[in-house]
Amino acid sequence: MVKLIALDLDDTVLTSDRTVLSSTILAVQKAAAEGIHVVVSTGRNYSNAKEIIDKLGVCEVVSVCNGALVLDLNTKRIIYRNSIRKQDMQAILPFLETPELFFQLYIGSENYRDRRLDKLYHQYFPKRSDSDRIAHIVPDIREFLWNSPPGTDTAVDKIFAYCPDTQRLAQVRAQISQRKTVHLTSSNIKNFEVTNQGITKAVGLQQLCSYLGVDKKDTLAIGDSENDLDMLRFAGISVAMGNATQTVKACADYITDSNDQDGIAHALQHFLK
């Protein structure tokens, strides 16, 4: 019996033009009305996911930053947090400072990037919505991390890196992956994401299950990309979107329609009928 539904956002809840279908909203609200917990499990941080979560209108708890941060939205309480170690950030940062590579740091519920990176952001993502653009722009990312005043939260929960040159991106990813105390994944061929060792969306979903008192066998997870794989393998029922990668489809119990074709609504109708 499904007691918890975990939803990825990008290319799952969100369509190709980055909107949320009315069929998706109706489907998750119907599930919530039947007493099923509907949670978001996203690589985004909360500030960039909030507008989408609010549109769904049913999420009381969420897993963000690929499982590194789990939040109770009603009490504004941190349920779980597992950040990248300072020594790992010191080792990784030089590889990220490749001129054509954009990266930003997810710290708590916020994004951080410096002025150079902000210029790259607007060059690479000129059509992003206002909610996607939310970030703290600091003068210099190194200065912020190592020399901020005492009490400043500089614990990095996730690094998001993007480069349109996929070959260069792969080179940087390979360099960072040599460090075995961090975890690398991706949500798109032009990006990679870094969290602390062992931190994946499966960890976030496990924390949510524990907090809500739900057995993993009673969970249903829906996703489309590499960073969803661990969550899908953890869940009692795994659903791949029709637009998912072949690897994701191969590990799923069920393949629904695409994010542009009512995929979430059809999946929930199938399993909750």
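Figured I'd write up the structure that's included with this text. (Residues numbered from 1 in each chain as written. Predicted model: local features only at pLDDT ≥ 70, side-chain atom pairs only at ≥ 80, totals over all residues. Heavy atoms only, no water.)

**Section: unusual backbone geometry**
Quick note on the threshold: Put simply, DSSP H or I for four residues or longer makes a helix, DSSP E for two residues or longer makes a strand, and each gets a number counted from the N terminus. Per-residue accessibility, obtained with a 1.4 Å probe over protein chains only, is compared with the maximum for each type, and a residue is labelled buried under 20%, exposed over 50%, and partly exposed between these values.
Although it is not a glycine, Arg18 adopts a positive phi angle of roughly 65°. Relative to the elements of secondary structure, Arg18 occurs in the loop between helix H1 (9-13) and helix H2 (22-33). Overall, the relative accessible area of 35% leaves Arg18 in the partly exposed class. Even without a glycine there, the phi angle at Lys76 is positive, about 55°. Structurally, the position occupied by Lys76 is in the loop between strand S4 (69-72) and strand S5 (77-81).

**What about the nonpolar core?**
Test applied: To define a nonpolar core, start from buried Ala, Val, Leu, Ile, Met, Phe, Trp, Tyr and Cys residues and group those joined through side-chain atoms within 4.5 Å. Contacts are residue-level and defined by heavy atoms, with any inter-residue pair within 4.5 Å sufficient.
By size, the foremost hydrophobic cluster in this structure holds 95 residues, and its most contacted members are Leu56, Leu96, Phe103, Leu105, Ile159 and Phe192. In this view, Leu96 contacts Leu101, Phe103, Ile159, Ala161, Ile176 and Phe192; residues no more than four positions away in its chain are not counted.

**Observations concerning the packing of helix H4 (residues 86-96) against helix H8 (residues 166-177)**
What counts, and what does not: Orientation is described by lines fitted to C-alpha atoms, with helices fitted over the stretch in contact, and by angles between N-to-C directions that extend from 0 to 180 degrees. In these notes the angle categories are as follows: under 35 degrees is roughly parallel, over 145 is roughly antiparallel, 65 to 115 is roughly perpendicular, and the rest is oblique. Crossing handedness: left-handed means the near helix sits turned counterclockwise from the far one by under a right angle, and right-handed means the same turn made clockwise. Side-chain classes are defined by residue name, with Ala, Val, Leu, Ile, Met, Phe, Trp, Tyr, Cys and Pro counting as nonpolar, Asp, Glu, Lys and Arg as charged, and the others, Gly among them, as polar.
Relative orientation of the contacting elements H4 and H8 amounts to 165°, with a least axis distance of 10 Å. When the axes of H4 and H8 are compared, the pair comes out roughly antiparallel. As H4 runs across H8, the sense of the crossing is right-handed. Taken together, the residues of H8 that come into contact with H4 (itself represented by Ile92, Phe95 and Leu96) are Val172, Gln175 and Ile176. Of the residues assigned to the contact of H4 with H8, the class counts are five nonpolar, one polar and no charged.

**A few points about the layout of surface pockets**
Rules: Here a cavity is any set of points on a 1 Å grid over the protein atoms alone where a 1.4 Å probe fits but cannot get out, and a pocket is any open set with protein on both sides within 12 Å along at least 5 of 7 lines; a residue lines the site when it has an atom within 4 Å of a point. Grid points are joined across faces, edges and corners, and a volume is the space filled by probe spheres set on the points.
Considered as a void within the structure, the largest pocket measures approximately 670 Å³ in volume. In terms of lining residues, the largest pocket is bounded by 32 residues, among which Asp10, Arg18, Arg128, Phe160 and Asn191 are the most central. Listed by contribution, the elements that provide at least two residues to the lining of the largest pocket are H1, strand S6 (102-107), helix H5 (115-124), strand S9 (158-162) and strand S11 (191-196). Looking at the lining of the largest pocket residue by residue, the classes come out as nine nonpolar, eleven polar and twelve charged.

**Quick word on the pairing of S11**
Basically, it comes down to this: In short, DSSP must find at least two bridges between two strands for them to pair.
With six of its six residues buried, S11 lies for the most part within the structure. Strand direction decides the pairing type here: S9 and S11, joined by four bridges, are antiparallel. Bridge pairing in S11 links Tyr162 to Asn191. Alignment of strand S10 (residues 182-185) against S11, held across four bridges, turns out to be antiparallel. Across the sheet, residue Leu184 finds its bridge partner in S11, namely Val194. Where S10 folds back on S11, the antiparallel hairpin that results is connected by five residues.

**Brief notes about helix H3 (residues 46-56)**
The complete set of buried residues in H3 reads Tyr46, Ser47, Asn48, Ala49, Ile52, Ile53 and Leu56. Of the residues one or two after H3, Gly57 is the one with positive phi, at around 75°.

**Things to note about the sheet that holds strand S2 (residues 37-41)**
In any sheet, the strands associate via hydrogen bonds between backbone groups, in a parallel or an antiparallel arrangement. Read across the sheet, eight strands follow the order S5-S4-S3-S2-S1-S12-S13-S14 without closing on themselves; strand pairing throughout is mixed. The sheet is open, and its two borders are formed by S5 and strand S14 (254-255), each paired with just one other strand.

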